[in-house]
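Each chain is listed here by its residues.
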Amino acid sequence: MTTTTPFLTGQEIRDRFLQFYSQYKHQILPSASLVPEDPTVLLTIAGMLPFKPIFLGQKQSDFPRATTSQKCIRTNDIENVGRTARHHTFFEMLGNFSFGDYFKEQAIKWAWELSTKVYQLPPENIVVSVFENDDEAFKMWEEIIGVPPQRIKRMGEKDNFWKAGPTGPCGPCSELYYDFHPELGDDDIDLEDDSRFIEFYNLVFMEYNRDADGKLTPLQNRNIDTGMGLERMAQILQKVPNNYETDLIFPIIETAANIANINYQKATEKTKVSLKVIGDHVRSVVHMISDNITASNTDRGYVLRRLIRRVVRHGRLIGIEGKFIN
Ligand code: SER
């Protein structure tokens, strides 16, 4: 990365995203609760969730464009937390949304401008993916933005067709990846290689509704739903080896390390994993409780209870006895 790329705090990354889209007439809205209105999921799993009824045409939006920093919880990757550089239960998703207003070309142009001008990522450090048959998106990246064709990868349904669940609004997507090692060249680019690439921004061209039989019907409007991982952008701009060592999570890790009388930098890999799990899960637990979720044996209350138990277990593993706080 060039030395001109700025160091930005998590707060600055969040503010710059919201301000960027606000100047392009997006209404800045507060994060919705982690307890979703949508009955199909237990927790808010994506920035688009609060807008699902609008995408489905069941509700009218007060604004044609919106931007948010949405708190989210996903537990499907819980076993990877602390073991990879980037998995979380709690994360913030920065998003810009169009409700039947602008579509693919404008979303791509703004995503590029934000990434290269506001966050100042060098263009040669960005690789993009498109859905396998989305020739239109491929052409826009190549001809309008100027990304070399060998750095635009076509990917299948698993990676580049986004859906919130088995049914509901969905569509092909295009993702921006940060390349930590552009010097390795453009041959054999493997976006699954997370020692080299991290996906940081997903642009969903939301134009279908999927029914229970898997049938796709065009939505009344063509919409845009995007998601940028705040913690991932922080890892990139703070030049740290993983999301946990960003200013968004590391203070919690340091506090736990102090309580356990451990020096994080000198700790074993196993201890670091425990500290990272604590750093991640404490954020989930605090935000769930502040959204009025209580620990129980069912549903989201059980998710909270499981996360608390895991924090306690990892605290015990690194030698914290008795109470965590005096
Ligand atoms: N809904 C998409 C995602 O979660 C983009 O926000 O990745």
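How each quantity is defined
Residues numbered from 1 in each chain as written. Predicted model: local features only at pLDDT ≥ 70, side-chain atom pairs only at ≥ 80, totals over all residues. Heavy atoms only, no water. Helix = DSSP H or I, 4+ residues; strand = E, 2+ residues; numbered from the N terminus. Rg over C-alpha atoms; globule rule 2.2 N^0.38 Å. Buried < 20%, exposed > 50% of the residue type's maximum accessible area, 1.4 Å probe, protein only. Contact = heavy atoms within 4.5 Å. Areas by Shrake-Rupley, 256 points an atom, 1.4 Å probe, with all protein chains shown as cover. Disulfide = S-S within 2.5 Å. Pairing = 2+ DSSP bridges.

Colleague: Now, about the overall build of the protein chain: what can you tell me, with residues and values included?
Modeller: What the protein chain contains, in helices and strands, is nine helices and nine strands. Taking 2.2 N^0.38 as the reference for a compact globule, 326 residues should give roughly 20 Å; the C-alpha atoms of the protein chain span a radius of gyration of 20 Å, in line with that estimate. Considered along the principal axes of its C-alpha atoms, the protein chain spans approximately 60 × 45 × 35 Å. The 326 residues of the protein chain split such that 54% are buried. Here the contacts in the protein chain between residues at least 6 apart in sequence split such that 69% fall between residues at least 24 apart. Here the protein chain displays about 15,200 Å² of accessible surface, and carbon together with sulfur accounts for 49% of that area.

Colleague: If you had to explain the state of the cysteines to someone new, which residues and values would you point to?
Modeller: Summed over the entire model, instances satisfying the criterion amount to zero disulfides. The structure places no disulfide on Cys170, whose sulfur is separated from the nearest cysteine sulfur, that of Cys173, by 11 Å. Under the relative-accessibility criterion, Cys170 is labelled buried at 0%.

Colleague: Residue-level account of the pairing of strand S7 (residues 168–179), with values.
Modeller: In terms of burial, S7 is largely enclosed, as 12 of its 12 residues are buried. With four bridges connecting them, strand S4 (residues 126–131) and S7 associate as antiparallel partners. Bridge pairing in S7 places Val127 opposite Tyr177. Pairing geometry for strand S6 (residues 161–163) and S7, over three bridges, is antiparallel. Bridging across to S7, Lys163 finds its partner in Cys170. Between S6 and S7, which follow one another and run antiparallel, lie four residues. Sheet analysis places S7 next to strand S8 (residues 197–210), joined by 10 bridges and oriented antiparallel. Bridging across to S8, Glu175 finds its partner in Asn202.

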